[in-house]
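Understanding the architecture of this molecule
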2 protein chains.
Amino acid sequence: EQFQKTGRFDALQCNWKPGMPNKPHIFWDSDIAKWVESAAYILQKGPDERLESICEWVIDQIEKNRTSEGYFNSFYLTVEPQGRWQGRGNHELYCAGHWIEAAVAYYEATGRDRFLHMMEEFARYIQQVFVKEQSASFVTPGHEEIELALYKLYRCTGKTEYRDLSKFFLDNRGVRPREPEAMGIQSHLPVREQKSAKGHAVRAMYLYSAMADIARDCCDQKMQEACEALFQDIVRHKLYITGGIGSSKHGEAFTIPYDLPNKEAYTETCAAIGLIFFSSRLLLSQVDSIYGDVVEQVLYNGFLSGLSLDGKAFFYTNPLELCPEWLEKDVDKPKEDQPWLPWLTQRVKVFGCSCCPPNVTRLLASLGGYQYTYEGDALWVHQYMDSEAVHGGMQIRQETQYPNDGRISITVDGVGRLAFRIPGWCSAYKIFLDGQPWEGEEKRGYVYLRLPPGRHNLELQLDMPCVLVEAHPRVREDAGRVAVRRGPVVYCVESVDNGPMVSEIMLDGKAFWEAEYEETYGMHILHTKGLRRNPDGFGDCLYREMVEDRLPVKITMVPYYAFANRGVSEMQVWLLRA
Amino acid sequence: EQFQKTGRFDALQCNWKPGMPNKPHIFWDSDIAKWVESAAYILQKGPDERLESICEWVIDQIEKNRTSEGYFNSFYLTVEPQGRWQGRGNHELYCAGHWIEAAVAYYEATGRDRFLHMMEEFARYIQQVFVKEQSASFVTPGHEEIELALYKLYRCTGKTEYRDLSKFFLDNRGVRPREPEAMGIQSHLPVREQKSAKGHAVRAMYLYSAMADIARDCCDQKMQEACEALFQDIVRHKLYITGGIGSSKHGEAFTIPYDLPNKEAYTETCAAIGLIFFSSRLLLSQVDSIYGDVVEQVLYNGFLSGLSLDGKAFFYTNPLELCPEWLEKDVDKPKEDQPWLPWLTQRVKVFGCSCCPPNVTRLLASLGGYQYTYEGDALWVHQYMDSEAVHGGMQIRQETQYPNDGRISITVDGVGRLAFRIPGWCSAYKIFLDGQPWEGEEKRGYVYLRLPPGRHNLELQLDMPCVLVEAHPRVREDAGRVAVRRGPVVYCVESVDNGPMVSEIMLDGKAFWEAEYEETYGMHILHTKGLRRNPDGFGDCLYREMVEDRLPVKITMVPYYAFANRGVSEMQVWLLRA
């Protein structure tokens with residue numbers, strides 16, 4: 001409802017005139033579109049009159065205000081009518097893409113096709129402008145999104161012209177001399193030659209997701225190889241242990257391999273969401289646990305951290321180290337010298353640049369889509385969470401406390417072949433089929449079982465001890481440090497539990513860990529014993545000759561995703577190794 | 001001679017017209033003035049015709065081009081004549097101050113008073129504008145410097161009006177409502193109420209130095225207390241182990257206590273020089289080894305690092321950690337997003353903003369002034385270096401390899417009371433007077449001896465083992481780390497000696513250290529044994545469960561001041577503690 005206050009909904013009426021408050025912004029449309037898309041996912045699960053009426057109102061505004069060509073954009077129709085298709089960096093195709101995604105989701109939820117048809121017209125108009133007339137001032141968008149949206153439109157309508165238009169935007173990206181070289185927006189090379197993840201992380205993920213769609217659908221081997229190389233580059237060189245990507249605030253971008261600073265980590269929530277999009281699309285061409293592992297790693301860490309435990313507030317960036325004192329650092333400095341998104345010690349209800357919150361809601365609302373895939377009588381289980389699903393003649397029910405607990409009970413009916421992912425973090429597991437110990441065939445991180453007709457129960461027990469994790473020696477910021485992981489969940493220390501200067505906490509590799517269920521937040525917290533230097537010995541000195549003066553201390557850790565939910569606190573993921 | 005190329009000398013002719021190349025800059029005058037001051041210190045030691053003729057040429061230009069009031073500024077006389085005394089932040093009084101310092105030094109070196117008289121006229125004109133007429137658009141300068149220069153002019157001429165003008169600028173600084181509140185330029189409070197070092201570090205040092213002069217000379221107790229509080233604040237909370245100050249590139253400034261990041265350390269060479277100015281002035285009101293200790297700490301570390309071993313190239317900033325890879329990070333980013341002084345892995349011959357190189361030369365040329373103070377028949381030895389000096393009836397000769405070696409031989413004649421500093425880093429020492437073991441009275445870190453008339457030899461043996469130093473627990477960046485110091489010299493590791501990823505090197509507190517004299521550079525390098533993780537075990541993984549896989553390695557360390565003299569290399573001061 002923050003969008004109401006800031007005028008984002010009103011803007012759709014396209015009656016803004018110079019001098020009025022709440023001047024529409026070039027990317028407000030996308031915020032509303034993502035909101036409608038989220039609403040559609042909720043409507044898929046059951047009716048909700050209020051949600052539906054707001055959606056219909058939004059669609060009315062688009063219908064009323066779009067041009068005869070089918071064009072709609074609340075900024076370019078009011079603030080800058082002469083600027084249509086003139087600014088590559090101005091999110092115009094990006095907004096169009098989000099409207100298309102919303103229309104597809106709304107059609108699939110309600111069966112009503114008014115919005116879908118309007119967006120089909122819009123897509124055909126885009127095709128005319130960019131392919132036939134080539135009358136825009138640019139060839140491909142500065143912020144990718146339209147590519148994956150057009151692919152969705154094709155999947156929904158079956159009309160290949162939308163897939164072809166998506167492919168047009170991919171094929172022409174970074175092709176000299178038609179486009180300026182720009183690494184920040186993935187235009188430094190033709191997409192099939194891009195093997196190293198570069199530039200703005202969110203844009204990269206949206207582009208790579210569309211590439212994965214087109215590669216699979218068109219059996220484009222070169223495109224597929226590029227996708228796999230990009231994915232491997234991220235996983236091997238550019239991925240925080242929390243699943244965050246895009247380490248630098250400069251351009252919200254990827255930088256060089258192994259450059260993963262903790263306190264300066266930009267790791268935008270939207271980029272984490274984009275990585276889920278990309279990974280889950282790669283999974284469709286090749287079932288390999290590495291893709292589901294990354295989805296899970298992002299989901300329970302760098303994605304979920306973007307949202308407060310009460311679901312009402314958001315982080316835009318998700319650093320791995322936080323110290324409230326830092327907020328006092330840049331007083332009395334010219335504004336332009338300050339980081340444009342300052343360190344936040346607490347999640348907030350709204351951002352000026354508000355891409356992340358509606359992206360969080362649409363991912364949460366569509367989580368089910370990442371859980372299973374189907375083919376004939378075969379069912380793949382990729383993600384574990386309490387849920388029920390029906391697909392064709394198949395019925396599936398999962399009962400689990402995952403990721404608090406490694407026991408998962410899956411009851412299926414009408415499934416001939418069942419496959420489920422053994423997470424990469426899991427080094428020991430047991431399977432019981434209808435109560436009997438069982439061993440399935442393991443392939444690329446999935447266990448495969450053949451089931452006789454009828455109803456069956458599979459019980460999966462994944463060992464979930466606390467483990468200390470170390471980073472590659474080339475990650476300079478994590479040298480001499482370890483992180484703590486239990487199952488897929490990465491933990492952190494906060495000063496609210498451990499007192500100030502959590503930077504001093506040292507973990508002992510041999511210490512005993514105790515996991516305790518915390519009622520209020522519904523998560524497991526960890527207890528162990530470690531060491532820290534005695535701060536009393538220093539007096540007024542800033543430096544002294546080293547002495548052995550370490551005190552044993554009790555350490556409490558909470559899931560990283562739950563940090564900053566209990567007031568202002570220091571936080572740290574990578575701790576000293578005693 | 002870089003100043004010749006960039007037009008800094010030519011600018012003094014004040015014949016620049018719009019459209020001509022090499023437009024004078026608002027602080028070019030100060031660069032030349034510091035150069036003349038350096039030349040004067042060299043001329044004090046003996047004649048040099050070429051140096052003298054260049055100085056005379058500079059003085060000719062000033063004489064020819066100054067106004068009838070005595071005003072000279074090569075920028076405001078040519079580029080922006082209407083702007084005189086209109087911009088507080090425009091370094092106008094700063095340049096004037098440097099000209100005055102140069103004139104005093106030149107007079108003391110040559111006895112010729114033409115330049116001095118010109119600058120006296122300039123000072124009187126400044127007094128008229130700022131005190132009598134109050135016709136400038138501001139009350140006190142945006143960049144302090146004139147205050148300490150006017151005090152020097154008073155000491156040289158004996159005319160109290162210059163001291164009074166200096167005091168005027170101090171008394172009116174930060175006094176509301178006459179001045180806007182600005183922490184970055186020490187105008188947030190009246191100077192006697194400033195107890196915490198804030199803002200631009202170089203400006204702060206120049207201001208505090210003048211405050212120390214005036215406090216001492218005018219017996220201003222409140223001012224003296226402010227100086228001591230500011231000094232303690234720096235030493236206890238804001239001083240790098242290298243003697244560097246001003247940790248943030250944002251405003252080249254002090255930040256909050258204990259905020260001492262290593263790779264982002266700004267620590268401008270000029271700020272280090274300024275701290276030498278401030279410390280040595282405090283020493284004049286109270287002989288306490290803490291002041292000489294800081295001078296020494298700066299001198300052999302963060303000051304000397306500003307200069308290459310061949311004396312030809314300079315660092316403007318002096319970080320405590322350097323990795324050449326970082327230079328590749330910010331490609332394809334808009335220029336305004338990049339740090340304005342990028343990481344340099346090598347010293348360079350000239351900077352656009354060239355305050356540091358001539359400041360280095362003038363400090364080097366005037367080093368002798370920091371070595372001794374005199375009072376009656378008493379001599380204080382503050383700094384140890386091979387040298388000879390004569391003062392009144394006293395003759396002093398120091399022979400030493402310090403700081404390579406802790407043995408210092410001091411031969412004096414005509415000295416009745418001799419005092420010398422026992423450095424704070426030294427935990428054991430021996431004294432021999434005329435060959436006999438001796439014990440002096442120790443007071444505030446100085447040993448005092450009474451000497452019978454005649455020639456005497458004092459041999460001082462300072463124990464100089466390698467020690468590991470740890471930082472206060474509130475210095476987050478140094479948690480779990482140690483630095484290595486031998487005598488006053490802080491050491492670092494470079495990849496040129498130790499292979500890449502020096503960030504992985506772990507020091508063992510109990511390891512044996514060997515100091516070896518290195519001929520080429522005339523310094524001691526250190527050898528020891530430590531550990532590092534085996535990088536082979538990681539394969540393609542970015543993270544893995546922690547294993548014990550540390551390899552013993554030989555470690556070589558060089559003095560911090562000597563880093564980046566043997567090609568591009570990683571460098572690190574604070575190393576992991578095994």
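Only a predicted model underlies this, so the values are computations on that prediction, with no experimental measurement involved.

So, on to the environment of phenylalanine 315 of chain A. By the element assignment, phenylalanine 315 of chain A lies in the loop between α11 (289-303) and β1 (321-322). With ten residues separating them in the primary sequence, phenylalanine 315 of chain A and serine 305 of chain A have C-alpha atoms 7.2 Å apart.

This part is about the packing of helix α8 (residues 201-217) of chain A against helix α9 (residues 221-238) of chain A. All names here are of chain A. Running from amino to carboxyl end, α8 crosses α9 at an angle of 140 degrees, the nearest separation of the two axes being 8 Å. The orientation of α8 relative to α9 falls into the category oblique. In terms of crossing hand, the pair formed by α8 and α9 is left-handed. Contacts between α8 and α9 involve Met205, Tyr208, Met211, Ala212, Ile214, Ala215 and Arg216 from the former and Met223, Gln224, Ala226, Cys227, Leu230 and Ile234 from the latter. For the contact of α8 with α9, the residue count by class is eleven nonpolar, one polar and one charged.

Moving on: the relation of the copies chain B and chain A. With an axial shift of 0.0 Å and an RMSD of 0.0 Å, the rotation relating chain B to chain A amounts to 180 degrees. Within this description, the copies of the chain are treated as partners about a two-fold rotation axis.

Below, the discussion takes up the interface of chain B and chain A. Contact with chain B, which involves 72 residues of that partner, is made by 73 residues of chain A. Both faces combined, the contact of chain B with chain A buries some 6,300 Å², and carbon together with sulfur accounts for 52% of it. At the junction of chain B and chain A, the tally comes to 16 salt bridges. Linking arginine 533 of chain A and glutamate 470 of chain B is a salt bridge whose minimum nitrogen-to-oxygen distance equals 2.8 Å. For the interface between chain B and chain A, the tally reads 32 residue pairs in polar contact (both at pLDDT 80 or more). For the side of chain B that touches chain A, the elements supplying multiple residues, two or more each, are α9 (221-238), β1 (321-322), β13 (466-471), β14 (481-486), β19 (543-545), β21 (571-572) and β22 (575-577) of chain B. Among the elements that line the side of chain B that touches chain A, the one with the most residues is β13 of chain B, at five residues. Of the residues contributing to the side of chain B that touches chain A, the split by class is 34 nonpolar, eleven polar and 27 charged. Sheet topology places strand β19 (residues 543-545) of chain A next to β13 of chain B; three bridges connect them, and they run antiparallel. The partner of arginine 544 of chain A across the bridge, within β13 of chain B, is glutamate 470 of chain B.

Turning our attention to the environment of alanine 96 of chain A. All names here are of chain A. As for its placement among the helices and strands, alanine 96 is situated in helix α4 (residues 92-110). Residues alanine 96 and proline 452, spaced 356 residues apart in sequence, show a C-alpha to C-alpha distance of 48 Å. Setting aside its immediate chain neighbours within four residues, alanine 96 contacts Phe122, Ile126 and Ile146.

Looking now at the pairing of strand β7 (residues 417-421) of chain B. Residues and elements named next belong to chain B. Across the five residues of β7, four count as buried, placing the element largely inside the fold. Across four bridges, the pairing between strand β3 (residues 378-381) and β7 is parallel. Bridging from a neighbouring strand, tryptophan 380 pairs with alanine 419 of β7. Pairing between β7 and strand β11 (residues 446-450): five bridges, direction antiparallel. The partner of arginine 421 across the bridge, within β11, is tyrosine 446.

Turning to the packing of aromatic side chains, a few remarks are in order. Residue and element names in this part refer to chain A. One pass over the structure, following the stated rule, counts 50 aromatic pairs over all chains. Ring centres of phenylalanine 72 and tryptophan 99 lie 5.9 Å apart, and the angle between their planes is 70 degrees; on these two criteria the pair is classed as edge-to-face. Within this pair, whereas phenylalanine 72 is found in the loop between α3 (49-65) and α4, its partner tryptophan 99 is found in helix α4, the two being separated by 27 residues in sequence. Here the two residues phenylalanine 72 and tryptophan 99 agree in accessibility, since each one is buried. One aromatic cluster in this structure is built from Tyr71, Trp85, Phe122, Tyr125, Phe130, Phe138, Phe168 and Phe169. Above the plane of the ring of phenylalanine 538 lies arginine 544, whose end atom (NZ or CZ) is 3.9 Å from the centre.

All names here are of chain B. Taken in spatial order, the six strands line up as β4-β5-β6-β12-β8-β9 in an open sheet, and their pairing is antiparallel. Lying at the two open borders of the sheet, with one neighbouring strand each, are β4 (387-391) and β9 (436-438). Neighbouring strand axes in the sheet, compared pairwise and without regard to direction, differ in orientation by 20 degrees on average. Sheet analysis places β4 next to strand β5 (residues 394-400), joined by five bridges and oriented antiparallel.

Right, let's get into the state of the cysteines. Residues and elements named next belong to chain A. Under the counting rule described, the total for this entry stands at zero disulfides over all chains. Not engaged in a disulfide, the cysteine cysteine 55 finds its nearest cysteine sulfur in cysteine 156; these two sulfurs lie 16 Å apart. We classify cysteine 55 as buried; its relative accessible area is 0%.

One frequently used descriptor of interface size is the decrease in accessible area upon assembly of the parts. Residues and elements named next belong to chain A. The assigned domain composition of chain A is domain 1 (1-153), domain 2 (372-462) and domain 3 (466-577). Look at where the C-alpha atoms of domain 2 and domain 3 centre, and you get two points 35 Å apart. Across the contact, four residues belong to domain 2 and nine residues belong to domain 3. Looking at the side of domain 2 facing domain 3, the largest losses of area belong to Pro403, Asn404 and Trp425, adding up to 93% of the total buried there. Where domain 2 packs against domain 3, one counts zero salt bridges. Linking domain 2 to domain 3 there are three residue pairs in polar contact (both at pLDDT 80 or more).

This next bit is on the side chain of glutamate 120 of chain A. Within the secondary structure, glutamate 120 of chain A is located in helix α5 (residues 114-133). Contact partners of glutamate 120 of chain A, with chain neighbours within four places excluded, come to Leu153, Thr157, Lys159 and Tyr162 of chain A.

Below, the discussion takes up the sheet that holds strand β3 (residues 378-381) of chain A. Residue and element names in this part refer to chain A. The five strands lie next to each other as β2-β3-β7-β11-β10, forming an open sheet whose pairing is mixed. With partners counted over all chains shown, the strands left at the sheet margins are β2 (372-375) and β10 (441-443), one partner each. Mean inter-strand twist for the sheet, computed between neighbouring axes without regard to direction, equals 20 degrees. One ladder, built from four bridges, connects β2 with β3; its direction is antiparallel.

Right, let's get into the packing of helix α4 (residues 92-110) of chain B against helix α5 (residues 114-133) of chain B. Residues and elements named next belong to chain B. The interhelical angle for the contact between α4 and α5, taken along N-to-C directions, is 150 degrees, at an axis separation of 9 Å. When the interaxial angle is binned, α4 and α5 end up roughly antiparallel. Regarding α4 and α5, the two cross each other, and that crossing is left-handed. Note on element contacts: α5 touches α4 through Phe115, Leu116, Met119, Phe122, Ala123, Ile126 and Phe130, opposite Leu93, Ala96, Trp99, Ile100, Ala102, Ala103, Val104, Tyr106 and Tyr107.

The next point concerns the nonpolar core. If you look at the biggest cluster of nonpolar residues, it comprises 190 residues, and the most contacted ones within it are Trp85, Phe115, Phe278 and Phe420 of chain B. A per-element tally of this core places helix α8 (residues 201-217) of chain B first, with twelve residues. Discounting residues that sit within four places of it in the chain, tryptophan 85 of chain B has contacts with Tyr71, Glu92, Leu93, Phe122, Tyr125, Ile126, Val129, Phe130, Ala136, Ser137 and Phe138 of chain B. Grouped together as the second largest cluster of nonpolar side chains are 188 residues, Leu230, Leu307, Leu462 and Val558 of chain A included.

Below, the discussion takes up unusual backbone geometry. Most peptide bonds are trans, and most residues other than glycine sit at a negative phi. Note that the residue after arginine 176 of chain B, namely proline 177 of chain B, is joined by a cis bond; omega there is -5 degrees. On the secondary structure map, proline 177 of chain B appears in the loop between α7 (160-171) and α8. The amide bond that connects tyrosine 402 of chain B to the next residue, proline 403 of chain B, takes the cis arrangement and shows omega of 5 degrees. Inspection of the secondary structure puts proline 403 of chain B in the loop between β5 and β6 (407-413). In the Ramachandran plot, glutamine 134 of chain A falls in the positive-phi region, its phi being about 45 degrees despite a non-glycine side chain. Here glutamine 134 of chain A lies in the loop between α5 and α6 (146-157). A residue is classified by how much of its surface remains accessible, and glutamine 134 of chain A, at 45% relative accessible area, is partly exposed.

The next point concerns helix α6 (residues 146-157) of chain B. Residue and element names in this part refer to chain B. An ideal rise of 1.5 Å per residue puts 16 Å on twelve residues; α6 measures up with 16 Å between its terminal C-alpha atoms. Counting buried residues along α6, nine of its twelve residues qualify, which places the element largely inside the surrounding structure. Buried within α6 are the following residues: Ile146, Glu147, Leu148, Ala149, Leu150, Tyr151, Leu153, Tyr154 and Cys156. Buried residues in α6 make contact with α4, α5, α7, α8 and α10 (269-285). Just downstream of α6 lies glycine 158, where phi reads positive at about 80 degrees.

Criteria and cut-off values
Residue numbers run consecutively from 1 along every chain, following the written order of its sequence. Written order decides the labels, with chains lettered from A and ligands numbered from 1. Residue-level local features of this predicted model are given only where pLDDT is at least 70; pairs of side-chain atoms are given and counted only at 80 or more, and the full residue set underlies all totals for whole chains, interfaces and linings. To get the side-chain values, take all heavy atoms of the structure and skip hydrogens and water. Put simply, DSSP marks the helices as runs of H or I at least four residues long and the strands as runs of E at least two long, and each gets a number from the N terminus on. To define axes, lines are fitted to C-alpha atoms, for helices over the stretch in contact only, and angles between the resulting N-to-C directions are given on a 0 to 180 degree scale. Note that the term roughly parallel is reserved for angles under 35 degrees, roughly antiparallel for angles over 145, roughly perpendicular for angles of 65 to 115, and oblique for everything else. A clockwise turn of the near helix away from the far one marks a right-handed crossing, whereas an anticlockwise turn of less than a right angle marks a left-handed crossing. Contact criterion: two residues are considered in contact whenever any of their non-hydrogen atoms come within 4.5 Å of each other. Amino acids are sorted into nonpolar (Ala, Val, Leu, Ile, Met, Phe, Trp, Tyr, Cys and Pro), charged (Asp, Glu, Lys and Arg) and polar (every other residue, Gly among them). The superposition of copies rests on a least-squares fit of C-alpha positions from residues with pLDDT of 70 or more in both. Summed over both partners, buried area is the accessible surface (1.4 Å probe) that two parts give up on being assembled. Any carboxyl oxygen of Asp or Glu within 4 Å of a side-chain nitrogen of Lys or Arg constitutes a salt bridge here. Within 3.5 Å is the distance limit for a polar contact, defined as a pair of N or O atoms, with the added protein rule that one can donate a hydrogen and the other accept it, and that residues adjacent in sequence qualify only through two side-chain atoms. One bridge is not enough; two strands pair if DSSP finds at least two bridges between them. The rule is simple: take the accessible area with a 1.4 Å probe, protein chains only, and divide by the maximum for that residue type; under 20% is buried, over 50% is exposed, in between is partly exposed. Two rings from Phe, Tyr or Trp (for Trp, the six-membered ring) form a pair when their centres sit within 6.5 Å of each other. Planes less than 30 degrees apart are called stacked, planes more than 60 degrees apart edge-to-face, and all others tilted. Counting as a charge over the ring demands two things of the Lys NZ or Arg CZ atom: a distance within 6 Å of the ring centre and an angle within 35 degrees of the ring normal. In plain terms, two cysteine sulfur atoms within 2.5 Å form what is called a disulfide here. Boundaries of every domain are those given by an automatic assignment or by a domain database. Remark: nonpolar core denotes a set of buried residues (Ala, Val, Leu, Ile, Met, Phe, Trp, Tyr, Cys) joined through side-chain atoms within 4.5 Å. One less than the number of residues in a helix, times 1.5 Å, gives the span that helix is expected to have.

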